[in-house]
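# Coordinate inspection notes
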Amino acid sequence: MSLLDNKKIRVILFITLIALIFAAGVFCYIMYRPHRDVQRETPVEVTAIGLVDLYQIDESSANLRFLDKAVQVKGVVAEVEINQAGQIVLILAGSDPLSGVRCTLRENKKVLPGAQITLKGKCSGYLSDVILIDCVIVD
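First, a word on what this report is: a plain description of the structure on this page. (Residues numbered from 1 in each chain as written. Predicted model: local features only at pLDDT ≥ 70, side-chain atom pairs only at ≥ 80, totals over all residues. Heavy atoms only, no water.)

### Overview of the packing of aromatic side chains
The relation between two aromatic rings is expressed through the spacing of the ring centres and the mutual angle of the planes. Condition: Two rings belonging to Phe, Tyr or Trp (six-membered ring only in the last case) form a pair when the distance between their centres is within 6.5 Å. Interplanar angles under 30 degrees mark stacking, angles over 60 mark edge-to-face geometry, and anything in between is tilted. For helices the rule is a DSSP run of H or I covering at least 4 residues; for strands it is a run of E covering at least 2, with both sets numbered from the N terminus onward. Buried means the residue's accessible area, taken with a 1.4 Å probe over protein chains only, is under 20% of the maximum for its type, while exposed means over 50%, and partly exposed covers the values in between.
As enumerated under the stated definition, the model contains 2 aromatic pairs in all. A centroid spacing of 6.3 Å and a plane angle of 35° characterise the contact between Tyr 55 and Phe 66, whose relative ring orientation is tilted. Here Tyr 55, found in helix H2 (residues 48–57), pairs with Phe 66, found in helix H3 (residues 59–66); they are 11 residues apart in sequence, far enough to count as distant. Its relative accessible area of 1% is what places Tyr 55 among the buried residues. The class of Phe 66 is buried, set by a relative accessible area of 0%. When the ring of Tyr 55 is compared with that of Tyr 126, the centres are 5.4 Å apart and the planes differ by 15°; the resulting orientation is stacked. Remark: Tyr 126 occurs in strand E5 (residues 116–126) and Tyr 55 occurs in helix H2; sequence separation between them is 71 residues. The class for Tyr 126 is buried, based on a relative accessible area of 18%. A network of ring pairs unites the aromatic residues Tyr 55, Phe 66 and Tyr 126 as a single cluster.

By themselves, these observations are geometric and do not establish any function.
Next up, the structure:
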C-alpha cells in the first residue's frame, strides 16, 4: 500500500466518523428535546362557536391563525367521550350541530354535558370538528 492510499483511508474514516457524530446528535435532539408545554404559552382566545365558524368559512386562514398554537376556547359541553387511549374527550358545541370543538384532556376530570367550560390546548387541525389536544381546564 502506498502513502497516498493511507491518506485516502484516513480521510474516508474521518468523514465517516464526523457523519456518525452528526447523525447521533440529530437523533438525540429529535428524541430528547424538551416537550412543548402549550399551557405556559399565551393563548389565542376564542369561543367554540367562533372557532368552528372560522374553520368552516376558510380553513386555510383559520389554520394560519390557530394551527399548532395554544388556543383558549370557551363553550358548552355537548358530549363527553373516552377515546381509545382512555382519555376524556369533550366536544364543545358549535353553531352547526354536525361540527364542534373536540378537546382531548391531558388529565381525566369529570365534566358533565351542558357545562359551560373554558379549556386551553393545542390546535391540531380540522376534520368535521376542530381538534384540540393536550387540553387543561382553565379556572
